[in-house]
Amino acid sequence: MNIELVLFGVFAVMTLVSAGLVITARSPINSAMALVSTFFFLAGIYVLLWAHTVAAVQVLVYAGAIMVLFLFVIMLLNLGDAPHRGKPTVTRLLGGASALGLLAVLVVTLGRVNAQPAQLDAKGQAAFGTMAAIGQSIFTTWLLPFEAVSLLLLVAMVGAVVVAKSRI
């Protein structure tokens, strides 16, 4: 039993616990804070997997920028504690059916995954996961989706401001 295996187990359990808190928290602020802890535990798992660049991006982008945006929108919309109703509604039934459908897709996809990892040549191994390789990939191959996501976040933020201003 080595320390990496123990830490991986601790990070994995804490990730699942905090992800469960995201779903079960009654307050949107508590749910967002649990999501931040989930991001940090995932970053710890990435560090154990020697993916330091991904861990840094996880902390900077998700736990930093995206969560600040989420908290800004939650506070701007002035979301309070939602009343908890136990009776099933159409939206809850559709949400549960959607979750089961996504779980089925995940199980089928994981069943089709090739167990053999892809092999890289020596040049590909040296550049894999570096900031230069990630930047090259984002700003060449994935430029359109990258810009689309940034535009989507901007539109969501402007929409939150418009919705909040119409309430005042």
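For the structure itself, look to the data block above.
This report concerns the structure included in the present document. (Residues numbered from 1 in each chain as written. Predicted model: local features only at pLDDT ≥ 70, side-chain atom pairs only at ≥ 80, totals over all residues. Heavy atoms only, no water.)

**What to know about the overall build of the protein**
Moving on, step 1. If you tally the helices and strands in the protein, you get 7 helices and 0 strands.
Moving on, step 2. Taking 168 residues into account, the globule formula puts the C-alpha radius of gyration at 15 Å, and the protein, at 20 Å, lies well above it.
Moving on, step 3. Each principal axis of the C-alpha distribution contributes one length, and for the protein these read about 60 × 40 × 30 Å.
Moving on, step 4. Taken over 168 residues, the protein has a buried fraction of 16%.
Moving on, step 5. Excluding contacts between residues fewer than 6 apart, the proportion of contacts in the protein whose partners are at least 24 apart in sequence is 62%.
Moving on, step 6. Side chains of the protein carry 8 positive and 4 negative charges; the gap between the two charge centres is 22 Å. (Helix = DSSP H or I, 4+ residues; strand = E, 2+ residues; numbered from the N terminus. Rg over C-alpha atoms; globule rule 2.2 N^0.38 Å. Buried < 20%, exposed > 50% of the residue type's maximum accessible area, 1.4 Å probe, protein only. Contact = heavy atoms within 4.5 Å. Lys, Arg positive; Asp, Glu negative; His and termini not counted. Charge placed at Lys NZ, Arg CZ, Asp CG, Glu CD.)

**Focus on a nonpolar patch on the surface**
Moving on, step 1. A surface patch of nonpolar side chains, amounting to about 940 Å² of accessible area, comprises Met1, Ile3, Leu5, Val6, Leu7, Val10, Val13, Met14, Val17 and Leu21.
Moving on, step 2. Within the secondary structure, leucine 5 is located in helix 1 (residues 3-24). (Patch = residues over 30% accessible without salt bridge, like charges linked within 9 Å, V, L, I, M, F, W, Y side chains within 5 Å. Areas by Shrake-Rupley, 256 points an atom, 1.4 Å probe, with all protein chains shown as cover. Salt bridge = Lys/Arg side-chain N within 4 Å of Asp/Glu carboxyl O.)

**What to know about the nonpolar core**
Moving on, step 1. Counting residues in hydrophobic clusters, the biggest one holds 8 residues: Ala32, Leu35, Val36, Phe39, Ala63, Met67, Leu71 and Ile74.
Moving on, step 2. Of all the secondary-structure elements, those providing two or more residues to this core are helix 2 (28-48) and helix 3 (52-77). (Core = buried A, V, L, I, M, F, W, Y, C linked by side-chain atoms within 4.5 Å.)

**Some details on the side chain of threonine 53**
Moving on, step 1. The topology assignment puts threonine 53 in helix 3.
Moving on, step 2. Here threonine 53 falls in the buried class, since its relative accessible area comes to 19%.
Moving on, step 3. Leave out the neighbours within four places in its chain, and threonine 53 touches Gly129, Met131 and Ile134.

**A short note on the packing of helix 2 against helix 3**
Moving on, step 1. Put simply, helix 2 and helix 3 touch, their axes get as near as 8 Å, and they point 175° apart. As judged from the angle between their axes, helix 2 and helix 3 are roughly antiparallel. For the pair helix 2 and helix 3, contact is made by Pro28, Ile29, Ala32, Met33, Leu35, Val36, Phe39, Phe40, Leu42, Ala43, Tyr46 and Val47 and by His52, Val54, Ala55, Gln58, Val59, Tyr62, Ala63, Met67, Phe70, Leu71, Ile74 and Met75, respectively.
Moving on, step 2. Residues that form the contact of helix 2 with helix 3 fall into these classes: 22 nonpolar, 2 polar and no charged. (Axes fitted to C-alpha atoms, helices over the stretch in contact; angles between N-to-C directions. Parallel < 35°, antiparallel > 145°, perpendicular 65-115°, else oblique. Nonpolar A, V, L, I, M, F, W, Y, C, P; charged D, E, K, R; others polar.)

**A few points about the side chain of threonine 38**
Moving on, step 1. Along the polypeptide, threonine 38 turns up in helix 2.
Moving on, step 2. For threonine 38, the side chain forms a polar contact with the main-chain oxygen of alanine 34, separated by 2.9 Å.
Moving on, step 3. Other than its neighbours up to four places away in sequence, threonine 38 contacts Thr15, Ser18, Ala19 and Val22. (Polar contact = N/O pair within 3.5 Å; in protein donor to acceptor, adjacent residues only side chain to side chain.)

**Brief notes about the environment of methionine 14**
Moving on, step 1. Within the secondary structure layout, methionine 14 lies in helix 1.
Moving on, step 2. In sequence terms methionine 14 and glutamine 119 are 105 residues apart; their C-alpha atoms lie 32 Å from each other.

**Some remarks on the environment of tyrosine 62**
Moving on, step 1. As for its position among the elements, tyrosine 62 is in helix 3.
Moving on, step 2. Note on tyrosine 62: relative accessible area 39%, which makes it partly exposed.
Moving on, step 3. On a C-alpha basis, the gap between tyrosine 62 and phenylalanine 8 in space is 20 Å, while along the polypeptide they are 54 residues apart.
Moving on, step 4. Sequence-distant contacts of tyrosine 62, that is, excluding residues within four places in its chain, are made with Phe39, Val57 and Met67.

**Overview of the packing of helix 1 against helix 2**
Angle between the axes and distance between the axes are the two parameters that describe a pair of packed helices.
Moving on, step 1. It is the contact of helix 1 with helix 2, at a shortest axis distance of 8 Å, that shows an interaxial angle of 160°. Taken together, the axis directions place helix 1 and helix 2 in an arrangement best described as roughly antiparallel. Crossing hand, helix 1 versus helix 2: left-handed. Contacts between helix 1 and helix 2 involve Glu4, Leu7, Phe8, Phe11, Ala12, Met14, Thr15, Ser18, Ala19, Leu21 and Val22 from the former and Ser31, Ala34, Leu35, Ser37, Thr38, Phe41, Leu42, Gly44, Ile45 and Leu48 from the latter.
Moving on, step 2. For the contact of helix 1 with helix 2, the residue count by class is 14 nonpolar, 6 polar and 1 charged. (Left-handed = near helix turned anticlockwise from the far one by under 90°.)

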